[in-house]
Amino acid sequence: MSAKKSAEPSPESIARSERRRMAAEEGARAMADAERRAIDVRNNMARLRELREARDAADGDLRASSSPAPASKKRKTKLSR
């Protein structure tokens, strides 16, 4: 005797397919959110890199235009015994 599949799905299979559909939707939302965050991080890193390079260039120009600072004298300390 062979069991035929009925044309109407069982409540268990309906629930299972609904859970799979919801999991797939949630996974797609999570992947999109993670990608959006990664893009935001890369944009922020690029912005900070530009600021750092501009600051370093300004510091380099300032050092080149200013006169060198006088060398400070280092004192040697004697150890008392």
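Residues numbered from 1 in each chain as written. Predicted model: local features only at pLDDT ≥ 70, side-chain atom pairs only at ≥ 80, totals over all residues. Heavy atoms only, no water.

Asker: I would appreciate a short explanation of the pattern of salt bridges in the present structure.
Answerer: Should the charged atoms of two oppositely charged side chains come close, the side chains can pair. Within the structure shown, the criterion is met by seven salt bridges. One salt bridge connects E18 with R21, and the closest N-O pair in it is separated by 2.3 Å. Taken together, the positions of E18 and R21, both in helix α1 (residues 11-65) and three residues apart, correspond to about one turn of that helix. For R21, a relative accessible area of 39% puts it in the partly exposed group. For E35, the salt bridge identified is with R42, shortest N-O distance 3.6 Å. Among the charged side chains, a salt-bridge network with shared partners connects E18, R21 and E25. (Salt bridge = Lys/Arg side-chain N within 4 Å of Asp/Glu carboxyl O. Helix = DSSP H or I, 4+ residues; strand = E, 2+ residues; numbered from the N terminus. Buried < 20%, exposed > 50% of the residue type's maximum accessible area, 1.4 Å probe, protein only.)

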